[in-house]
Amino acid sequence: IGFADLSLSILACTQYEESDNFTGEGPGQSKYMYSFSTEGSKGESLKLLKTALALLSRLVPQANSSIGTPHQTYSYGVQFAACLKGRNALNSLEKHLLAGATCASMTYSSVYDGSAGQSVSAVHDCAAEVTLNITSAVQLLSDAGAFCADLLSLLLDSEIYRTLISSPLFKASCKAWTTSVDGTDGNSRHRGYITRHVAATDKSSKPSSSVDPVHEVWRTTIACFSALLRAARCQAQTYRNMNGDSTTNHFGAAKNVALDFLCGHKSELFSCFTQMNAPVGTGSLQTSIKSSSFSFTANVLREAAEISDLFSELCQKDTKTVFEQSGPFKDVIQTSLEAIQRMSLFLGAIGTARDLFSALERANSILDGSSGVIDTDSLLADGIPNARHDAIQNAHFAKSCVIVASASEFASSIKAGNMTPSSNDIEKTFQIHVTNEHMSVLEQLAARVQYNVLSVVSSTQHNHSFTTFSAEEVQASRFDVSSIVADGAVVAVDSRRGQVRSRYVAESAHVRFARAMSCDRSTHSISVEYSDNSETETIPWSWIVGIEDMSQRRSVFSYAPCPKLISDADSQTSKPTLAHIILLLRWCRHASPSSSSGSGGCPASLVKCVAELASLLLGSELLIYEDAASTDTVEAQRINSQLIDLFGYENAGEGEAKYPSKLPVGTEVMSCIQNGLRSRLKAAAIERDEERKLWEAQATGFESFLGGSTKRQGRRSPFRLTRKSSF
């Protein structure tokens, strides 16, 4: 607290010199005047300001800090908030924020187009750095508000968020981003990058742009409003039953601030996603191998991750009710659906290409050895040449999604570990396209975007058809459950079997979901089949605490299986298909081993969250289509086959094969999905068993015809998944 007070006193004693007519300070007060030039005493004052901001950011309370117990962390947060209030720190931060943003906005246009000289660029960089440091401090304070109500109240009572909304820096920068059109060569201007003034001596095709610090300020500002909504939601939930509506309404002011930011910068926020529509040039391969219809840079993906996080927070719980009445709500849903398509295709292409290249490496190592019989996995079922062609196509598709905009990105995109591109080995060159360091960074960013937009869709599109109520309401109204519950509808059952239950509240730990099978008016009972274990039971109507309105069922994803080539799923339709979710789950299956081993890639926790959310969405969609679409069609059989690859089927009887799942999802989620899709998984398992038996019968007859001593060559069975030695 002593160091925090010191840093705050420095913030109060430093002041930006806007003009020469400074009037001075009152008795006993001294001001350190600074400018964004690093020369002279004012440059030293600027260093003092940066040091104070760095110290303040380090001292902001953090939930996962090692300061001590949660009580000590909370106590420190209360004292820290009191220190901020006593020093009027937020007012000081607002003044420094406005000074830095104003200066950076005046120089941004020339810096962005590369016409600024060295001195102007230096001033701009200093102003942008101070603005970023202050914005980052506000983000940390907003995060701390999730467990310290005093900090959150202090932030909401200040004008710091209004200052961010009306920042002159964004008026200048966002205008340049939304009006410029990205080209296809490395020297073009891209959103999130600037072109520095350099001598025109280097004729290299390497990109010469550098990261735009103002774009980082913009992304951090978006994160501030996401953190504010998250903190307000946490505090409202904590204090809802303690202080009545007063505290809840006070924290609810965060919704208005966040919506004002969204509405005030609507075109800038949504243009981040629309600018992905422009494909990148791919050279001579464009005529022979299909490229993607969209492309993005690393910084655009970083921005999309922050924007989609804000969208997700706006669609949570109480905030969603207000947000649904706003103008941008429909645009958010449409943008999220489009992002699901793009990120699924990109991630699916990466995962599929890597899996194919790995399978080819394993096959090559076996062919180079002394073994006799090769039993390949299903990826090579169509032969090694076809697998190599598919791997190159998928790698090219993933590569065509990416724009390398800076020199540092170019350096990290041309090598992967010990592998370097070779003109004599095209397979290795394409393998580097999907295994380099830059692609790993983009992969993690795309996964973040995907998780956020899936959260938006799941919280807004699949929750309108379910109505909850209490047992007392059922008994008081005496309504006929059989008249409103249709066969096949999902019902929520309070499983405490006649025990005393909370009034008007069904605790989630005691609620089970089931599918209604039939109702009996004479006994006021209903027969249900539970989703978690497929057991059937006849229960009284009073146990029902939620009913699905089947008339409100609506699908979000079109009914279509995943095509053989990922590029074939890249269409301009506004509605994603089940193929996109299947592609995403295939990537989750691929990313899980690399994440758990700690060898790079996405964090295991992120992969698991994406896999579970995508699995639940896919299961919900298939249940909607279950009554509308026949499961006997070729299309349905293809989907069933793709489902068993993902979720497996282990409920087989004696003598039947079991198909394990390698998806990184929890046991509870996997059990829910497997039970909900049991009929589809069983049909796929039966079909595969029949194909395997037929293949083995044909192989046995063929080998017997040859005398039983000749080894069968050529295309191998996709069901023989382990290598057998010929010794």
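Treat the numbers as computed from the prediction; the structure is a model and nothing was measured.

1. Brief notes about the overall build of the protein chain
Each helix and strand in the protein chain was counted, giving 25 helices and 10 strands. Within the span of the protein chain, comprising 727 residues, buried residues form 50% of the whole. Split by element, the accessible area of the protein chain, about 33600 Å² in all, is 51% carbon and sulfur.

2. Considering the pattern of salt bridges
Under the defined criterion, the tally for this structure stands at 15 salt bridges. For the salt bridge of Arg230 with Glu313, the shortest nitrogen-to-oxygen distance reads 3.1 Å. Of this pair, Arg230 sits in helix 9 (residues 213-239) while Glu313 sits in helix 13 (residues 298-314), and the two are 83 residues apart along the sequence. Judged by relative accessible area, Arg230 falls into the partly exposed class, the value being 27%. In this structure, Arg678 engages Glu529 in a salt bridge whose closest nitrogen and oxygen atoms are separated by 2.8 Å. Placement of Arg678 in helix 25 (residues 678-705) and of Glu529 in strand 8 (residues 525-530) is noted, with a sequence separation of 149 residues between them. Salt bridges sharing partners connect three or more residues here, namely Arg230, Arg233, Asp309 and Glu313.

3. With respect to unusual backbone geometry
Its identity as a non-glycine residue notwithstanding, Asn88 has a phi of 50°, on the positive side. Relative to the helices and strands, Asn88 resides in the loop between helix 3 (70-86) and helix 4 (89-112).

4. Here we look at the packing of aromatic side chains
Scanning the model with the defined rule gives 17 aromatic pairs in all. Arranged with centres 5.7 Å apart and planes meeting at 55°, the rings of Tyr161 and Phe225 form a pair that is tilted. In this pair, Tyr161 sits in helix 7 (residues 160-165) while Phe225 sits in helix 9, placing the two residues 64 residues apart along the sequence. An identical accessibility class is assigned to Tyr161 and Phe225; each is buried.

5. Focus on the side chain of Asn394
Along the chain, the position of Asn394 falls in helix 16 (residues 384-400). Using a relative accessible area of 4% as the deciding quantity, one classes Asn394 as buried. Beyond its immediate sequence surroundings of up to four residues, Asn394 is in contact with Ala349, Thr352, Ala353, Leu356 and Ile566.

6. What to know about the packing of helix 11 (residues 253-264) against helix 12 (residues 266-274)
As a packed pair, helix 11 and helix 12 sit with axes 4 Å apart at the nearest point and diverge in direction by 70°. One way to sum up the angle between helix 11 and helix 12 is to call them roughly perpendicular. Of the residues in helix 12, those in contact with Phe261, Leu262, Cys263 and Gly264 of helix 11 are Lys266, Glu268 and Leu269. Here the contact of helix 11 with helix 12 is built from residues that sort into 4 nonpolar, 1 polar and 2 charged.

7. Focus on the nonpolar core
Inside soluble globular proteins, nonpolar side chains tend to come together where they are buried. Counting 179 residues, the largest nonpolar core has Phe80, Phe346 and Phe647 as the members making the most contacts within it. For this core, the element with the highest residue contribution is helix 15 (residues 329-367), accounting for 18 residues. Discounting chain neighbours no more than four positions away, the residues touching Phe647 are Leu585, Ser615, Leu618, Ser661, Leu663, Met670, Ile673, Gln674, Leu677 and Leu681. If you look at the next biggest cluster of nonpolar residues, it comprises 15 residues, including Val481, Ile539, Trp543 and Ile544.

8. Notes on helix 23 (residues 634-647)
Under the 1.5 Å per step criterion, the end-to-end length of helix 23 is 20 Å for 14 residues, consistent within 8% with the ideal 20 Å. Within helix 23 the residues assigned to the buried category are Ala636, Ile639, Asn640, Gln642, Leu643, Ile644, Leu646 and Phe647. One or two positions beyond helix 23, positive phi appears at Gly648, with a value near 70°.

9. Overview of the packing of helix 4 against helix 5 (residues 118-144)
In the contact formed by helix 4 and helix 5, the axes pass within 8 Å of each other and the chain directions differ by 140°. Considering the angle they form, helix 4 stands oblique to helix 5. Between helix 4 and helix 5 the crossing geometry is left-handed. Each of Leu90, Leu93, His96, Leu97, Gly100, Ala101, Cys103, Ala104, Thr107, Tyr108, Ser110 and Val111 in helix 4 lies in contact with helix 5, whose residues at this interface are Val120, Ser121, Val123, His124, Ala127, Ala128, Thr131, Ile134, Thr135 and Leu141. For the contact of helix 4 with helix 5, a count of residues per class yields 14 nonpolar, 8 polar and no charged.

10. A word on the environment of Tyr559
Within the fold, Tyr559 resides in the loop between strand 10 (544-548) and helix 21 (578-597). Note: C-alpha distance between Tyr559 and Leu578 (19 residues apart in sequence) is 5.8 Å.

11. Points about the side chain of Ser7
Mapping Ser7 onto the fold places it in helix 1 (residues 2-13). The exposure class of Ser7 is buried, given its relative accessible area of 0%. Sequence-distant contacts of Ser7, that is, excluding residues within four places in its chain, are made with Ala52, Leu55 and Leu56.

12. Looking at the environment of Val607
Mapped onto the elements of the fold, Val607 is located in helix 22 (residues 604-628). When the C-alpha atoms of Val607 and His590 are compared, they prove to be 9.8 Å apart, with 17 residues separating the residues in sequence.

13. A short note on the confidence of the model for the protein chain
Averaged over every residue, the pLDDT of the protein chain is 79; residues scoring 70 or more account for 77%. No element of the protein chain has a lower mean pLDDT than helix 10 (residues 244-251), which averages 56, and none a higher one than helix 13, which averages 95. Considering only residues more than four positions removed or in separate chains, one finds that residues 19-29, a stretch of pLDDT under 50, has 4 contacts. This stretch, residues 282-287, has a pLDDT under 50; its non-local contacts, to residues over four places away or in other chains, come to 6 contacts.

14. As for the pairing of strand 7 (residues 511-520)
Pairing of strand 6 (residues 490-494) with strand 7, which is carried by 5 bridges, proceeds in the antiparallel orientation. In the sheet register, Asp494 faces strand 7, and the bridge partner there is Val511. Of the strand pairs in this sheet, strand 7 and strand 8 are connected by 6 bridges, and their pairing is antiparallel. The partner of Ala516 across the bridge, within strand 8, is Val528.

Calculation rules
- Residues numbered from 1 in each chain as written.
- Predicted model: local features only at pLDDT ≥ 70, side-chain atom pairs only at ≥ 80, totals over all residues.
- Heavy atoms only, no water.
- Helix = DSSP H or I, 4+ residues; strand = E, 2+ residues; numbered from the N terminus.
- Buried < 20%, exposed > 50% of the residue type's maximum accessible area, 1.4 Å probe, protein only.
- Areas by Shrake-Rupley, 256 points an atom, 1.4 Å probe, with all protein chains shown as cover.
- Salt bridge = Lys/Arg side-chain N within 4 Å of Asp/Glu carboxyl O.
- Phe/Tyr/Trp six-rings, centres within 6.5 Å; stacked < 30°, edge-to-face > 60°.
- Contact = heavy atoms within 4.5 Å.
- Axes fitted to C-alpha atoms, helices over the stretch in contact; angles between N-to-C directions.
- Parallel < 35°, antiparallel > 145°, perpendicular 65-115°, else oblique.
- Nonpolar A, V, L, I, M, F, W, Y, C, P; charged D, E, K, R; others polar.
- Core = buried A, V, L, I, M, F, W, Y, C linked by side-chain atoms within 4.5 Å.
- Expected span 1.5 Å × (residues − 1).
- Left-handed = near helix turned anticlockwise from the far one by under 90°.
- pLDDT = per-residue confidence, 0-100.
- Pairing = 2+ DSSP bridges.

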